Amino acid sequence: MRVLETSYISPQIKKIRFQGNISKWNFQMGYASVVRVSETEFRNYTVFYHDKENGIFDIIFHIHGNGVGSKYIDTLQTNDELFISQPRGKVLYDPSIKQQFFFGDETSLGIAVALCSLLKSNNYKFQFYFELDEDNKNVPELLELENYTVFTKNGSFINEKWVSNLPLFQTDEWSRANFALVGNAKSIQTFRKVLKYKNQGNIYSQGYWLEGKKGL
Ligand SMILES: Cc1cc2nc3c(=O)[nH]c(=O)nc-3n(C[C@H](O)[C@H](O)[C@H](O)COP(=O)(O)OP(=O)(O)OC[C@H]3O[C@@H](n4cnc5c(N)ncnc54)[C@H](O)[C@@H]3O)c2cc1C
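Residues numbered from 1 in each chain as written. Predicted model: local features only at pLDDT ≥ 70, side-chain atom pairs only at ≥ 80, totals over all residues. Heavy atoms only, no water.

Participant: So, the domain arrangement of the protein: which residues are in play, and what are the values?
Facilitator: For the protein, the assigned domains read domain 1 (2–89) and domain 2 (99–209). The C-alpha centroid of domain 2 is placed 23 Å from the C-alpha centroid of domain 1. Across the contact, 10 residues belong to domain 1 and 18 residues belong to domain 2. Roughly 1200 Å² is buried in total at the junction of domain 1 and domain 2, and carbon and sulfur atoms are behind 70% of that figure. Taken together, domain 1 and domain 2 are joined by 0 salt bridges. (Domains from an automatic or database assignment. Contact = heavy atoms within 4.5 Å. Buried area = accessible area lost by both parts, 1.4 Å probe. Salt bridge = Lys/Arg side-chain N within 4 Å of Asp/Glu carboxyl O.)

What follows is the structure in C-alpha cells.
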C-alpha cells in the first residue's frame, strides 16, 4: 500500500490515506488490518473509511510514543510503501439493536467515526463516551462526531465505583442498548463488570491495548 496523504488532527492523532488494491477486501464494523511496523512486527489498526473504486482507505493512528508501531507510523510520509493486510476480526455491532452505546479512547476514534455515520444514516439512538488525553479532547469535534462525552484520561475508568456513578447508569434509557467497548483493556474490563452487575444491555468488547503488553 502507498501513503497518499497524511495529516495531524492533534500532535498525537495522525490520519493517513492509503492507496492500493482493496477490491477484494471485506469491511465489517470492528474488523482491523495488520500493519507491518518493522521487519518482524505487526500491529492492528482500523480502516474507518474506504472507497473501493478508487482504491483508497483511511486510518486514524494514536501516536502515543510508547511502541514500535506508534514510532513507525509517526515517520510515514507521502509515497512511502508498506504492507497492510485485509481487515478481519471481530464484529462489534448488532444492526438489529436501535440503541447503541460506545466507549473508547484515541485508538477507537476511527471505528467511532465509521459507526457514527452508520448510526446517523439509520436514525439510531446513540451515545459515545471517550476517555482522552487533555491534548486530544477537541479531536471528536474536529472529526465531526456527534452525541459524545469526553472524559479526561486519569485512571477513573478503572475505578468501579466511579464508573457506576456515570450518567449512563442513572437512567434506564440505555438498559436495552448494544454496548461496544474498545480501547484500554483495563478500562473495558471495569466498564464491562459494572454493566454486567447492573445487568444492562448486550455487550461487545475488545481490548485494543494493554499497559505493559506489546501488540494486542
Ligand atoms: C482490533 C484492533 C483495532 C485497533 N485499531 C486501532 C486504530 O485504528 N488506531 C490506533 O491507534 N490503534 C488501534 N489499535 C491499537 C493498537 O494496535 C495498539 O495501541 C498497539 O499496541 C500499538 O502498537 P505499538 O507498537 O505502538 O505499541 P506496542 O509495542 O504494542 O506496546 C508497547 C507499550 O506501549 C503502550 N501502549 C500501546 N498502545 C498504547 C496506547 N494507545 N496508548 C498508550 N500506551 C500504549 C503499552 O504500555 C505497551 O506495553 C487497535 C487494536 C486492535 C486489537
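Participant: Which residues make up helix α1 (residues 68–75), and what values go with them?
Facilitator: Each full turn of the α-helix corresponds to 3.6 residues, which orients residues three or four apart in the same direction. Among the residues of α1, those classed as buried are G69, S70 and I73. Across the axial projection of α1, the buried residues extend over an arc of 95 degrees, all falling on one side. Tucked inside the fold, the buried residues of α1 contact β2 (13–19), β3 (31–36), β4 (42–45) and β6 (56–62). (Buried < 20%, exposed > 50% of the residue type's maximum accessible area, 1.4 Å probe, protein only. Helix = DSSP H or I, 4+ residues; strand = E, 2+ residues; numbered from the N terminus. Arc of directions from axis to C-beta.)

Participant: Tell me about the site of the ligand, and name the residues and values.
Facilitator: Taken together, the neighbourhood of the ligand is formed by 26 residues, with R43, N44, H62, G69 and G215 sitting nearest. Within the backbone of N44, a nitrogen or oxygen atom sits 2.7 Å from an oxygen atom of the ligand. Burial of the ligand by the protein amounts to 93% of the accessible area it has alone, namely 920 Å². Of all elements in the fold, only β4, β6, α1 and β12 (202–209) reach the threshold of two or more residues within the shell around the ligand. For the shell around the ligand, the leading source of residues is β12, giving 4 residues. Counted by class, the shell around the ligand contains 9 nonpolar, 13 polar and 4 charged residues. In this structure, the shell around the ligand is formed jointly by two domains, domain 1 (2–89) and domain 2 (99–209), each of which donates at least three residues. (Near = heavy atom within 4 Å. Polar contact = N/O pair within 3.5 Å; in protein donor to acceptor, adjacent residues only side chain to side chain. Areas by Shrake-Rupley, 256 points an atom, 1.4 Å probe, with all protein chains shown as cover. Nonpolar A, V, L, I, M, F, W, Y, C, P; charged D, E, K, R; others polar.)

Participant: Tell me what's going on with the pairing of strand β1 (residues 2–10), and back it up with residues and numbers.
Facilitator: Two strands pair when backbone bridges link them, and β1 and β2 are joined in this way by 7 bridges, in the antiparallel orientation. The residue of β2 that forms the bridge with E5 is R17. Between β1 and β2, which pair antiparallel one after the other, the connecting turn spans 2 residues. (Pairing = 2+ DSSP bridges.)

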